[in-house]
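Here is how the chains run, residue by residue.
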Amino acid sequence: MKITKKTKQIARGVTVGFAGLLAISIGARSIVDANQGYLDSYLGHTRYSFVPDETSANALDLYNYTVPDSVSVDGKTFDVKTAKGVVEYSRALSEKMAGEGQVLMKNDNNALPLKGSDKKIALLGARSYMNAFSGSMGSVTNVSEATPLPQALKDQGFEIVDETDKAYQDAYVKSVMAGDTSSFTEEEINSLKIDKPNAGGAQDTCGSGFGAVVASTLKGYATWEPTTEELGLKGKSTKSGVAIVTVGRRSQEAGYYLPGEIGKTTAKGGKSSGFGGAVSYNPTRNATWEEGDDCLALNIQERAIIKYAKENYSKVILLINSSSAMDIDEVFAGGKSEVDAVLWTGMPGAYGFKATAKILDGTINPSGSMADTYEAKSSITATGQNVGYFEFANAAQDGDERKLQQGSEKSLWYEAETEGIFSGYKYDESRYYDLIANPSSKANSAKGAFNGTNWNYKDDVARSFGYGLSYSNFTEEIVDFKVDHAKQTVNAKVKVTNVGDVAGKHNVQLYVSVPNTNNPRVQKSAIQLIDFMKTGELKKGESEIVEFKGISFEKFASWDSDLSHDGVKGGYILDEGKYYFTTSNDQGAHGAVNNVLIEQGKSGLIDADGKSVTEKVGDVKVETFKRIEITKSVKGALLQNQLEDLDPTLAWNLPLLSRSDWDATFPERHDNLSSTAQMEDGLRCMVYDLNENDNNGTPVVWDAKNGMTLLGLKPSKGEFIEYDDPRLVALAQNVTLDEALRNLQCAGGSTFLALKSIGMSYDAYQNDGPMGFDGNDGDEKTSLSGDRNPNNTVYDTDDNDATGANSTELWGKIAMRPMPTNVVVGSTFNKDLVEESGECIGIIGLWVGNMAIWGPGSNIHRTPYNTRNHEYYSEDPILLGVMTDVYCKGGKSMGLTMAPKHYAFNDYDLNRSGIAPFLTEQDARENALRGFQYAFESENAMASMGAFGRAGATFCSAHTGLMTGILRTEWAWNGFFVTDMVNPGYFMNARDSIAAGTDGMLTGGSQTANGYIQWNLVPGDTDNNNEKGPIARSEVEKDLYFQQCLQNSIHRYLWAIVNSNYMNGLQAGKTVENEAWYDNAVTACIAVTGTLTGLSAVAYVALAAFGKEDE
Amino acid sequence: MEFFKKQKVAFYGLCVSAILVLIGMIMFEFVYSAGYEAFGQQTQTAGTEVIVYSIIAIALFAVAILLSQFSFEGVTAKILSVVVDLALIAAGVLIGMAIVSTISAYVYDVGIWVGSDLHNGDDALIATMKLGIASTVVYVVGLLVASVTTCFSIVKK
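Being a predicted model, the structure only gives us computed values, none of them experimental. (Residues numbered from 1 in each chain as written. Chains lettered and ligands numbered in written order. Predicted model: local features only at pLDDT ≥ 70, side-chain atom pairs only at ≥ 80, totals over all residues. Heavy atoms only, no water.)

Caption draft 1: Main features of the packing of helix H12 (residues 425-437) of chain A against helix H14 (residues 588-599) of chain A. Residue and element names in this part refer to chain A. Where H12 meets H14, the axes come as close as 10 Å, and the angle between the chain directions of the two elements is 25°. Our classification of the angle between H12 and H14 gives roughly parallel. At the point where H12 passes H14, the crossing takes the right-handed sense. Counted together, Tyr425, Glu429, Tyr432, Tyr433, Ile436 and Ala437 of H12 and Ala589, His590, Val593, Asn594, Val596 and Leu597 of H14 form the full contact between these two elements. Of the residues that constitute the contact of H12 with H14, the class distribution is 9 nonpolar, 2 polar and 1 charged. (Axes fitted to C-alpha atoms, helices over the stretch in contact; angles between N-to-C directions. Helix = DSSP H or I, 4+ residues; strand = E, 2+ residues; numbered from the N terminus. Parallel < 35°, antiparallel > 145°, perpendicular 65-115°, else oblique. Left-handed = near helix turned anticlockwise from the far one by under 90°. Contact = heavy atoms within 4.5 Å. Nonpolar A, V, L, I, M, F, W, Y, C, P; charged D, E, K, R; others polar.)

Now the structure itself:
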């Protein structure tokens, strides 16, 4: 055949044409796939069909999550398929946690444990009888289950000396009777028994023996501390025996302590107005303090009772029953109230005092380490300068009070945290380091000094973070250490040996000291925790190697707001220089910093008691780093500044505390600041305008009727539905706009509302945490006999046995909030145990039918003046963040949606509804935000609750940098995020919040008849407090961006639902995908153009290779 | 003048196609640079892609035309011929990819269905979108012209 040149050219031309069409066809495939939902809706195609399986005879086959066959605590096995087993398991686990979380802070001459005749004790101090088990509201313990300290001591074989026992009972009754005796019945008076568990007072867990009458009518006496005269104690002729004295401070949500004199004088710190919401708590009633002390110090009565104990007993043991760190340096070496031993019990939950008694007699060897630093005087520290009540100086202008902030007192309050990263041990240990190693830094300044002349460790710090003694002694040796610069990780193996006589567990804390460059914008702590592990029980002479794997450099990197990269500013840096890695044995952060100083050849070191230190308590490994810049998040997103508007040094040019000069930069009290023009949009709630994006953006598909239902997404057992699963997208598109708007305004609290359009026929239930599910005995939301999930036919059956001893009827009525408060949990330093406690709560969730818990509490302990610290783990961000993560991991494994709260900066409850905290981005990222970061990055937390307050001037749930920039982008978190309880505060508005990445407004799940315009979402403009006006459906219909945000919220909500225990019991089946004609058309186009391209290309090649061209 | 006398249909066709691609690109970039807020990150990516694809396609046309001007014998001629043809085919593919990018930009971000509902009430948006659609049409014509004219010789030999 004669092939002409013309023929070859035609083949070439045809190939060019078909190749182009093939490219278009392939491109069309991706376009069509990406817009499938819209096309289906537009063309009326039903994408999915659900084909149910045949019903199984075994109901458990329909369960995605089931309880384990059995669980065990310290070798004892529990059958958690029975209500009795669940209750007993939670009791045992809680007691174990309390046993590992209580901290031995001092034990001179082996004062503890108490053996033999020492178990006959005098129990002194009102707090010994009015124990604080927990806090209030979400973190109240179950008082009907609680074992008070006196009872626990008796159960453990202690004998309480009648004299003191009777003295407190009589004095208390006498105190009550001093009031209106006619208002008390005989039964009420009889309830005043010190050996009875508190039967009342869900709101007041202080009373262990004072019953409902205390809680309901004489709450103020909960801090009652009688004098020795009132007690009728006359003293003994000879000093002998053992006295246990308990002191403590209450904890409470929505409460506060105020530093300094003002905190002990009036309930409201001397302010007659301006205290918002429910804040009315005065923790200091009936107590008096010496001048110079404040409410965290021992009061006169407590000091007197310790003095009495010291004068009359040869051994005095002090118990600290408090979640807020107290100013009690005087009970340690050389102090005026020095005692022989100090045991911090924290608020150990219903069963925790059993563990206390076992620690006291040595049945349990204490292994807890302090989660917070105990200062000599918290109010004079760097942080203490700016804790309290602060109101913008320009709150009243133009003769119209508070006009600037648009009519609401919730825009008046602020707090400027100019201590930067230096709170807790990072302040004390950095100052101590500089005192020794950098005298030119003026660390010995009089500012912040307890003695008023020169700051020094002995006078200013009682016990540092991480400190915790044992009845045994342990050695730590770093046997393997590797810094992987390529992977940017640290790996270490530490050999722990019990060299004492008593078996026990041991916490290993790994710290690092990084080079300080004295960059005023990038502060460095002299020491910081980077990871921790706990050994198993080690008998005398036994060893165990604990392994630290893959500790990310980011955990000890510093945020540099001035770092320029990729056209943006902000990222983490590690400066060039020597990095000192060390463990601290039982000495905590202070031991670690001493190790580093010794390694650097410094002298003049002291320990917590002021004794000279010349030897390390742990190994030190020195590694040289080159400068490293971390510009991408773990999830690969570009890092950049997101919180510059929070920075008080930028807003008001305030000086930031700097290690280069402790004296010149020590924080002042910033109590006269005015809001700036840049803050007005936030303060006035004008962040997002519903008209901003009219008709712009991709049309959002609602009510698609594509056939996908919730049943269609039921995972098989063990399956996890990924967030970007196209079926989940299709499911979200089937929801109607009306439903989405309703969900937006009625999210959280105790209920997520059902979505009928997707076959979600009943509400999804949650409950407040974090100690368990909040509620009273018999409440269905907290008790095992609860029946909140209609499909839960397995875990609410009546499992009566012949004796009735295992019946759900009997055990199912108990309120399941068993765990210790979070400070005790954090002090265990035991990741495995905390994960197990998460599993335990998950098991309870399966029984109760709750799919989510609002917990754990993950805010940081910036200050002990926060009466809500009991809900949060620690002052240290690593301990806080890791514990949050492992607790969530445990709960998630049982199908419970874990929801850490309160993102973010909710570190003080005074004026929490509206307070505007200002802090540097470095402080935010290295302290407060790390509490949440790890659980969000791992997605062990699949929901979260925001804070009441603001981030800078803007409501935190509406802050674009915090929500969109960090949460949704840097951490790439797809969980469901709700605000905290929306109360009458326009600043908590849905319009701003949803646009920033929030998913729902916590209103308790109730829907009002007012449609979409609710006061709690967008109040009316009667007070001129909302210039943007209310949300109207017609506006939402036009604003495509806002609609997309709404659909993203539904998507995230459903992602949590389908991966939770909510799916238990739902009919199983398969979802079949029905291809649309246009799918096939595009496929056909690809096939045809591909074939033709191929044929023409082959023809062209053949012609080019074998053809004879004519001329 | 001698140069143009030497050229044949495909030369002029390719020039026309290249000019159309250039015009399409300018039109699309005008849409892109119109600054509509709704033109998000994906559109910006598309804007970059369209430029890259278009410039390379035009360059490939130029390479094909340039190489076609030389006369060689034997194996060299064969190789050059193959290079020219592959350049033309690749250019066709790139124009197709540019077309996809222009369409995806509208679909993904602006949310307008090409050739259908242009929404209402915003004249500036409609005008911009019409320009965007026109740019796609220009690209399609450019591809057609390239396809047809490459069925012919570029130069007289």
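That covers the picture; the talk isn't over yet.
Caption draft 2: Inspection of the sheet that holds strand E17 (residues 543-552) of chain A at higher detail. Residue and element names in this part refer to chain A. Pairing within the open sheet is antiparallel, and its 3 strands lie in the order E13-E14-E17. The open sheet terminates on both sides in strands that have one partner only, identified here as strand E13 (474-484) and E17. When the angles between neighbouring strand axes are averaged without regard to direction, this sheet yields 15°. (Pairing = 2+ DSSP bridges.)

Caption draft 3: Broad picture of the nonpolar core. By size, the foremost hydrophobic cluster in this structure holds 232 residues, and its most contacted members are A:Leu710, A:Tyr903, A:Phe905 and A:Leu1054. Aside from chain neighbours lying at most four places away, what touches A:Phe905 is A:Leu643, A:Leu646, A:Asn859, A:Pro917, A:Leu919, A:Ala924, A:Ala928, A:Leu929, A:Ala951 and A:Leu962. Ranked by size, the runner-up nonpolar core spans 30 residues in total, among them B:Met25, B:Tyr53, B:Ala57 and B:Ala91. (Core = buried A, V, L, I, M, F, W, Y, C linked by side-chain atoms within 4.5 Å. Buried < 20%, exposed > 50% of the residue type's maximum accessible area, 1.4 Å probe, protein only.)

Caption draft 4: Representation of a nonpolar patch on the surface within the structure. Together, A:Tyr42, A:Leu43 and A:Trp1077 make up a nonpolar patch on the protein surface, roughly 400 Å² of accessible area in all. Topologically, A:Leu43 is positioned in helix H2 (residues 36-43). (Patch = residues over 30% accessible without salt bridge, like charges linked within 9 Å, V, L, I, M, F, W, Y side chains within 5 Å. Areas by Shrake-Rupley, 256 points an atom, 1.4 Å probe, with all protein chains shown as cover. Salt bridge = Lys/Arg side-chain N within 4 Å of Asp/Glu carboxyl O.)

Caption draft 5: Quick peek at the confidence of the model for chain B. All names here are of chain B. With 73% of its residues at a pLDDT of at least 70, chain B reaches an overall mean of 77. At the level of individual helices and strands, chain B shows its lowest average pLDDT in helix H1 (residues 2-6), which scores 76, and its highest in helix H2 (residues 9-33), which scores 86. Per-residue pLDDT stays below 50 along residues 35-43; that stretch engages in 19 contacts with residues further than four places along the chain or on separate chains. Low confidence marks residues 108-121, where pLDDT is under 50. Its contacts with residues over four positions away, or in another chain, come to 44 contacts. (pLDDT = per-residue confidence, 0-100.)

Caption draft 6: Inspection of the pattern of salt bridges at higher detail. Residues and elements named next belong to chain A. Across all of its chains, the model carries 46 salt bridges over all chains by this definition. Here Lys96 makes a salt bridge to Asp74, at a shortest N to O gap of 3.1 Å. In this pair, Lys96 is assigned in helix H3 (residues 83-101) and Asp74 in the loop between strand E2 (71-73) and strand E3 (76-78), connecting sequence segments 22 residues apart. Look at Asp74 and you get exposed, because its relative accessible area is 60%.

Caption draft 7: Summary view of the packing of helix H19 (residues 737-745) of chain A against helix H29 (residues 1040-1058) of chain A. All names here are of chain A. At a minimum axis distance of 10 Å, the contact between H19 and H29 shows a crossing angle of 75°. On the basis of the axis angle, H19 is roughly perpendicular to H29. Residues Leu737, Ala740, Leu741, Asn743 and Leu744 of H19 touch H29, and the partners they reach there are Leu1046, Ile1050 and Tyr1053. Taken together, the residues of the contact of H19 with H29 sort by class into 7 nonpolar, 1 polar and no charged.

Caption draft 8: Spatial organisation of the packing of aromatic side chains. Residues and elements named next belong to chain A. This structure, assessed with the given rule, holds 45 aromatic pairs over all chains. Residues Tyr432 and Tyr457 carry aromatic rings whose centres are separated by 4.9 Å and whose planes lie at 55° to one another, so their mutual orientation is tilted. In this pair, Tyr432 is assigned in helix H12 and Tyr457 in helix H13 (residues 457-460), connecting sequence segments 25 residues apart. With a relative accessible area of 1%, Tyr432 lands in the buried category. Consider the rings of Phe752 and Phe976, whose centres lie 5.0 Å apart with planes at 85°: the pair is edge-to-face. Of this pair, Phe752 sits in strand E25 (residues 751-752) while Phe976 sits in strand E34 (residues 976-981), placing them 224 residues apart in sequence. Cluster of aromatic residues (ring-pair linked, three or more members): Phe422, Tyr427, Tyr432, Trp455, Tyr457, Trp662 and Phe666. Across from the ring centre of Tyr467, 4.7 Å away, lies the NZ or CZ of Arg463, which sits over that ring. In this structure, Arg925 is placed above the aromatic ring of Trp559, and the distance from its NZ or CZ to the ring centre is 3.7 Å. (Phe/Tyr/Trp six-rings, centres within 6.5 Å; stacked < 30°, edge-to-face > 60°. Lys NZ or Arg CZ within 6 Å of the ring centre and 35° of its normal.)

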